[in-house]
Amino acid sequence: MQTVKDVLLKTAGFLKDLQIPHTRKEAEELIGHVLGLTRVQVYLEFDRPLEKREMDDIRELVRRRANREPLHWLLGTVGFHEFDDLAVHPDVLVPRPDTERLVEAALEWIEADAETFVADIGCGTGAVGLAIAAARPAVKLFAIDLSEAALANTRDNVARLELGGRVAVLQGSLLDPVPTGRAIDVVVSNPPYIRSADLETLEPEVSKWEPKLALDGGPDGLDVYKALVPAAAARARRAVLVEIGFDQGDAVRRLFEQAGLTDIEVLQDLGGRDRVVRGRVVSHG
């Protein structure tokens, strides 16, 4: 009978042969997921013999990972900002660490105790808007997406985080689902910004599996920004913030300027790459 250590070493080696990055960590996470163990606990139970059912479940997850299905779809959760286990459903974009910069940029402009209505456009798992709402108890959130799969994922996370009293989950395009009489103070968005021609060059987890709706930004990667930025500038009372691709800072800054936003900044992520553009709204009054 094989032990946890046996299976861990074989799994890590198998994934390495497929040129999947971070193979040891992924093997630990996949095995731990099946056994209900943390990565540390996996090591504490190295000599534990595995039952046939456990072996079958591990083999199935490894088979799917070998087909480059996103790791966090298999695990069902991902760490994001202050969340250790944000739910991630299949067919929904997995939140990236770089997107935490968008959350931090928004929190810098949202006062701790001020009632603030935030709209998260293209909410996906809900990661961005829910991270803001969790950090600012006076925030009321509109979480908006076209995809029903994404909205189901957001609803799951709203329930898990017990934020239902402050979040409305809405289906539709851009800000259209929010009634015109409802106030919006801050608009945040991580829109699709990959150039259409570049999609097939990305790692298989993205090009083969993740939803094109959340990735494809059109020929120049700017299609959604061209519609979103003026719409957001017209509705928001305080600020607009968007995530961008590393080479889109100048182009998106120009869109912010054309929409009449002020105090415009292009902010970098931890790797020093342009990641967020934010601007303040001139009073509509």
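Residues numbered from 1 in each chain as written. Predicted model: local features only at pLDDT ≥ 70, side-chain atom pairs only at ≥ 80, totals over all residues. Heavy atoms only, no water.

Q: Could you give me a rundown of the overall build of the chain, with the residues and numbers involved?
A: A tally of regular secondary structure across the chain gives 11 helices and nine strands. Taking 19 Å as the expected radius of gyration for a compact globule of 285 residues, we find that the chain reaches 21 Å, a close match to that expectation. Along the first, second and third principal axes, the C-alpha set of the chain runs to 75 × 40 × 30 Å. Expressed as a percentage of its 285 residues, the buried residues of the chain come to 50%. By sequence separation, contacts in the chain at least 24 residues apart represent 64% of the contacts at least 6 residues apart. Carbon together with sulfur atoms contributes 51% to the accessible area of the chain, which is approximately 13300 Å² in total. For the chain, the distance from the average position of its 35 positive side-chain charges to the average position of its 47 negative side-chain charges is 1 Å. (Helix = DSSP H or I, 4+ residues; strand = E, 2+ residues; numbered from the N terminus. Rg over C-alpha atoms; globule rule 2.2 N^0.38 Å. Buried < 20%, exposed > 50% of the residue type's maximum accessible area, 1.4 Å probe, protein only. Contact = heavy atoms within 4.5 Å. Areas by Shrake-Rupley, 256 points an atom, 1.4 Å probe, with all protein chains shown as cover. Lys, Arg positive; Asp, Glu negative; His and termini not counted. Charge placed at Lys NZ, Arg CZ, Asp CG, Glu CD.)

Q: Can you explain the packing of aromatic side chains? Please cite residues and give values.
A: Across all of its chains, the model carries two aromatic pairs by this definition. Pairing Tyr43 with Phe46 gives two aromatic rings, centres 4.9 Å apart and planes at 35 degrees, and the pair type is tilted. Note on Trp73 and Trp209: the rings are 6.3 Å apart at their centroids and 85 degrees apart in plane angle, and the pair reads as edge-to-face. Taken together, the residues span a long stretch of sequence, with Trp73 in helix α5 (residues 71–75) and Trp209 in helix α9 (residues 204–209) at a distance of 136 residues. For Trp73, a relative accessible area of 6% corresponds to the buried category. By relative accessible area, which is 26% here, Trp209 ends up partly exposed. (Phe/Tyr/Trp six-rings, centres within 6.5 Å; stacked < 30°, edge-to-face > 60°.)

Q: Quick one: what's the story with the pattern of salt bridges, residue by residue and with numbers?
A: Should the charged atoms of two oppositely charged side chains come close, the side chains can pair. One pass over the structure, following the stated rule, counts 31 salt bridges. Between Glu265 and Arg278 there is a salt bridge; the shortest N-O distance is 2.7 Å. With a gap of 13 residues between them, Glu265 in strand β8 (residues 262–268) and Arg278 in strand β9 (residues 274–280) connect regions that are remote in the sequence. Under the relative-accessibility criterion, Glu265 is labelled partly exposed at 30%. Connected via shared salt-bridge partners are Asp98, Glu243, Asp269, Arg273 and Arg275. (Salt bridge = Lys/Arg side-chain N within 4 Å of Asp/Glu carboxyl O.)

Q: Can you lay out the side chain of Asp185 for me, pointing to particular residues and giving the numbers?
A: By the element assignment, Asp185 lies in strand β6 (residues 184–189). Exposure remark for Asp185: the relative accessible area of 1% places this residue in the buried category. A distance of 2.7 Å separates polar atoms of two side chains, one belonging to Asp185 and the other to Arg237. Ignoring sequence-local partners within four residues, the contact set of Asp185 consists of Glu115, Thr116, Phe117, Ala236, Arg237, Arg238 and Ala239. (Polar contact = N/O pair within 3.5 Å; in protein donor to acceptor, adjacent residues only side chain to side chain.)

Q: Would you mind going over the packing of helix α10 (residues 223–235) against helix α11 (residues 249–258) in detail, with residue names and values included?
A: Interhelical geometry of α10 versus α11 gives an angle of 30 degrees and a closest axis separation of 9 Å. Classified by the interaxial angle, the pair formed by α10 and α11 is roughly parallel. Judged by the sense of rotation from one axis to the other, the crossing of α10 with α11 is right-handed. When α10 is examined against α11, the residues Tyr225, Lys226 and Val229 are found in contact with a partner set consisting of Val252, Leu255 and Phe256. Residue composition of the contact of α10 with α11, grouped by class: five nonpolar, no polar and one charged. (Axes fitted to C-alpha atoms, helices over the stretch in contact; angles between N-to-C directions. Parallel < 35°, antiparallel > 145°, perpendicular 65-115°, else oblique. Left-handed = near helix turned anticlockwise from the far one by under 90°. Nonpolar A, V, L, I, M, F, W, Y, C, P; charged D, E, K, R; others polar.)

Q: Quick rundown of the side chain of Glu28? Include the residues and the values.
A: Relative to the helices and strands, Glu28 is located in helix α2 (residues 23–35). Apart from residues lying up to four places away in sequence, Glu28 is in contact with Leu8, Arg39, Val42 and Tyr43.

Q: So, the packing of helix α1 (residues 4–17) against α2: which residues are in play, and what are the values?
A: Taken N-terminus to C-terminus, the directions of α1 and α2 make an angle of 135 degrees; their axes are 8 Å apart at the nearest point. Classed by the angle they form, the pair α1 and α2 counts as oblique. Our pair here, α1 against α2, has a crossing hand that is right-handed. Seen from α1, the contacting residues are Val4, Val7, Leu8, Leu9, Thr11, Ala12, Leu15 and Lys16; seen from α2, they are Thr23, Arg24, Glu26, Ala27, Glu28, Leu30, Ile31 and Leu35. Classifying every residue of the contact of α1 with α2 by side-chain character gives 10 nonpolar, two polar and four charged.

Q: Tell me about α2, and name the residues and values.
A: Here α2 spans 18 Å end to end across 13 residues, near enough to the 18 Å set by a 1.5 Å rise per residue. Every buried residue of α2 is listed here: Thr23, Glu26, Ala27, Glu28, Glu29, Leu30, Ile31, Gly32 and Leu35. Tucked into the core, α2 has its buried residues touching α1, α3 (39–44), α4 (52–66) and α5. (Expected span 1.5 Å × (residues − 1).)

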